[in-house]
Every structure is written in C-alpha cells, then in structure tokens.
Amino acid sequence: MRLSVVIPTHDRKDRLARTLDALERQGDEVDGGVEVVVVDDGSTDGTQDLLSSREREGRLIAFRAAHAGPARARNAGARAARGEILLFLGDDIVPDPGFLAVHDRAHREGGSGSRAVLGRTEWDASRMRVTPMLRHLDRAGLQFGYGLIRDPENVPAWFFYASNVSLPRELFLEVGGFDESFGGAAWEDVEFAFRASAAPRSLRLVYRPAARARHDHPTTLESFRDRQRASGRAAAILVRKRPDLAASLGVDAARTIREVRPASLRVVELLVALVDPLGVPLPGRLYDKLFRWDYLAGLREALRSDRGGA
C-alpha cells in the first residue's frame, strides 16, 4: 500500500461523508494504492452507521474509540494503517481533484532526508460565506499561516498542520506519534514537528499548495474567540514540554495582560461585527489584536492552574 489517509472524526457525519466521497473519486490516481482509515473519536451523531455501511462496501477501514481527542485517534489510525506514506486529513476538509496525487508526487521527488508535505487548506466557499475576517485568519497565522511561508522547501515546524499533511509512516511511528496529553486540536501537531525535526532522521517540511482542500467549518467572531481561548490553554501544555518556546508562545505577555478585557477590544469587536458581514476588510492588526487577547487569556488561565492558582 502506498498511501494511507488517516482521518479522526467526532460528530461531523455529514461533513465526513463529503470528505470520503471526494477521496473515493481520486483513489485510483496513486500508483501502489490508497486506503482510508477513519477513527471515530466517540461520536454520538450516527457517524458509526455511516462508517459501518462504507466498511461493508470495502471502501474504508474504520475504528471506534472512546472520546479522547484527535491526537490519540490519529495515532490509532497510523498504527493500523498499511501505507508507506501517512496523510493526515481533517474530517471537515474536502480535497480538490488531484489532491492525493500531489501529495504522492511530492514524496517521490527525492532529495536528501525524510520529508513531510504540507498541503493548502482554504475555506469552502461553496458551503459558507468567506468574509474578510475569515480570509485574514486563513493566511496570517491565526487559523492557518500560508501567507507567512517564505521558503516552500524549508518550512518551519510551526506550520505543521495535521489537517492536511503527509509523511513517512515509519518515521512517524519511530518518533512516537502525537503526544496524547494534548486533549484537543491545538499544538499537538506542532509539538510533533519540533520533535521530528530534531530526530536522528530529521524531518523536513515542504509546502505544496497544489494539494488543495476546502475547509467546511463555519466560523463566527464568537466561535473563533472561543477557539483562541482553547488554543491558549493548549499552548501551556507545549510550554511545559518545550520551555525554549515560551517566548514564541507569548508566556510573558500572557502573564502581564489585564485581568479584564480592555474596552478598546470591545470597540474593535463591534466594528468587526458591523462591517464583516458587508464584506468590508479592516487592517490586519485589528483582527490580530482582537483575537490575540483571547489566546493570551487562555494561556494565562492554564499557566495559573499549573501553579495551583498562584
């Protein structure tokens, strides 16, 4: 088996079905064959019925596990996979035609050392309205940071997005897979990438935007603020494991921000709520300032919890 697509899923049955349909349409484009491995991370929405029916048809391999987060689900899928290459994909990310072939070709290009291949994920404009705020989140590092990549042949570990990335299965298992102490979908992929880049067989990340997929994930100002809080809390786990990354993760800033959210941010929030539905973009620094505070607040909360509330 050449390529194993590993998908963790939790309560996204309809979106998962679209992702699986898109993969099935291009499964014959990879020499050596493609398998799809789905790990149901404790879904309660009928996902298991969907997977059972497709398993009977021989269209995928499916496992069910207690809800423990995407890191554990991906690890389980990787262990069960038979492919030489693992391709991690989100359950709400729909591949464009040719997606699998681009990932496969990038691994066949050769070059020194082991490589991981980062594809490009964009908002699914066919399913959701893409506003200026969402476009900023897509390219400036808050959701994704593709616009910040300077050298596609040597991409920093910060850009290792497990929602659309592939790498050799042997190396993934050799390094130890994703750290399962990360319960949510934040920073567990970056932590792995830093660990893998320092391994004896150093992993090098390359960027291939032609491996494009569509993110079917409706996102509002409020939901992204919540996401940033969760990201901040998860960043505290990464800091414990990698204290050398504390400055990059904003630890000092988290410890010194105000206890109460500044009124100026409420003004920015109201402005975004007013003009974003109209398609009017704001300066990127305003979006960054707005969402940065929530990230830092989540990080501060987790750091205080680590110190027993001190």
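Read on for an overview of the structure. (Residues numbered from 1 in each chain as written. Predicted model: local features only at pLDDT ≥ 70, side-chain atom pairs only at ≥ 80, totals over all residues. Heavy atoms only, no water.)

**Section: the nonpolar core**
Spelled out, the test is: By convention a nonpolar core is built from buried Ala, Val, Leu, Ile, Met, Phe, Trp, Tyr and Cys residues, the set being connected through side-chain atoms within 4.5 Å. Each residue gets one of three labels from its accessible area relative to the maximum for its type: buried under 20%, exposed over 50%, partly exposed in between, using a 1.4 Å probe on protein chains only. Note on conventions: DSSP H or I runs of at least 4 residues are helices, E runs of at least 2 residues are strands, and numbering of each starts at the N terminus. Every residue pair with non-hydrogen atoms within 4.5 Å of one another is taken to be in contact.
Ranked by internal contacts, the top residues of the largest apolar core, which has 56 residues, are Phe88, Phe160, Leu167, Trp187 and Phe192. The biggest single contributor to this core is helix α12 (residues 284-306), with seven residues. Filtering out sequence-adjacent residues up to four positions away, phenylalanine 192 remains in contact with Phe160, Leu167, Phe172, Val175, Gly177, Phe178 and Leu203. If you look at the next biggest cluster of nonpolar residues, it comprises 23 residues, including Leu3, Ala17, Val30 and Ile85.

**A short note on the sheet that holds strand β1 (residues 3-9)**
Stated precisely, the cut-off is as follows: By definition, two strands form a pair when at least two bridges between them are found by DSSP. An axis is simply a line fitted to the C-alpha atoms; with a helix, the fit covers only the stretch in contact. Between two such axes, the angle follows the N-to-C directions and lies from 0 to 180 degrees.
Reading across from one edge, β3-β2-β1-β4-β7-β6-β8-β5 is the order of the eight strands in this open sheet, with mixed pairing throughout. Here the strands that pair on one side only, and so sit at the sheet edges, are β3 (61-65) and β5 (93-95). Adjacent strand axes in the sheet meet at a mean angle of 30 degrees, parallel and antiparallel pairs treated alike. In this structure, β5 lies alongside strand β8 (residues 203-215), joined through three bridges in antiparallel fashion. Opposite proline 95, over in β8, you have alanine 213 as the bridge partner.

**Let's talk about the side chain of aspartate 96**
With respect to the secondary-structure elements, aspartate 96 resides in the loop between β5 and α4 (99-108). On the basis of relative accessible area, aspartate 96 is assigned to the buried category, the value being 14%. If sequence neighbours within four positions are ignored, aspartate 96 has contacts with Gln26, Arg212, Ala213 and Arg214.

**A short note on helix α7 (residues 188-197)**
Among the 10 residues of α7, eight are classified as buried, and the element is accordingly described as predominantly covered. Glu188, Asp189, Val190, Glu191, Phe192, Ala193, Phe194 and Ala196 are the residues of α7 that are buried. On its buried face, α7 sits against α3 (70-80), β7 (164-168), α6 (169-175), β8 and α8 (221-241).

**Some remarks on unusual backbone geometry**
Backbone geometry at aspartate 11 places phi at a positive 55 degrees, although glycine is not the residue there. Structurally, the position occupied by aspartate 11 is in the loop between β1 and α1 (13-24). Exposure remark for aspartate 11: the relative accessible area of 32% places this residue in the partly exposed category. Positive phi is not limited to glycine here, since tryptophan 187 has a value of about 75 degrees. Tracing the chain through its elements places tryptophan 187 in the loop between α6 and α7.

Keep in mind these numbers describe shape, not what the thing actually does.
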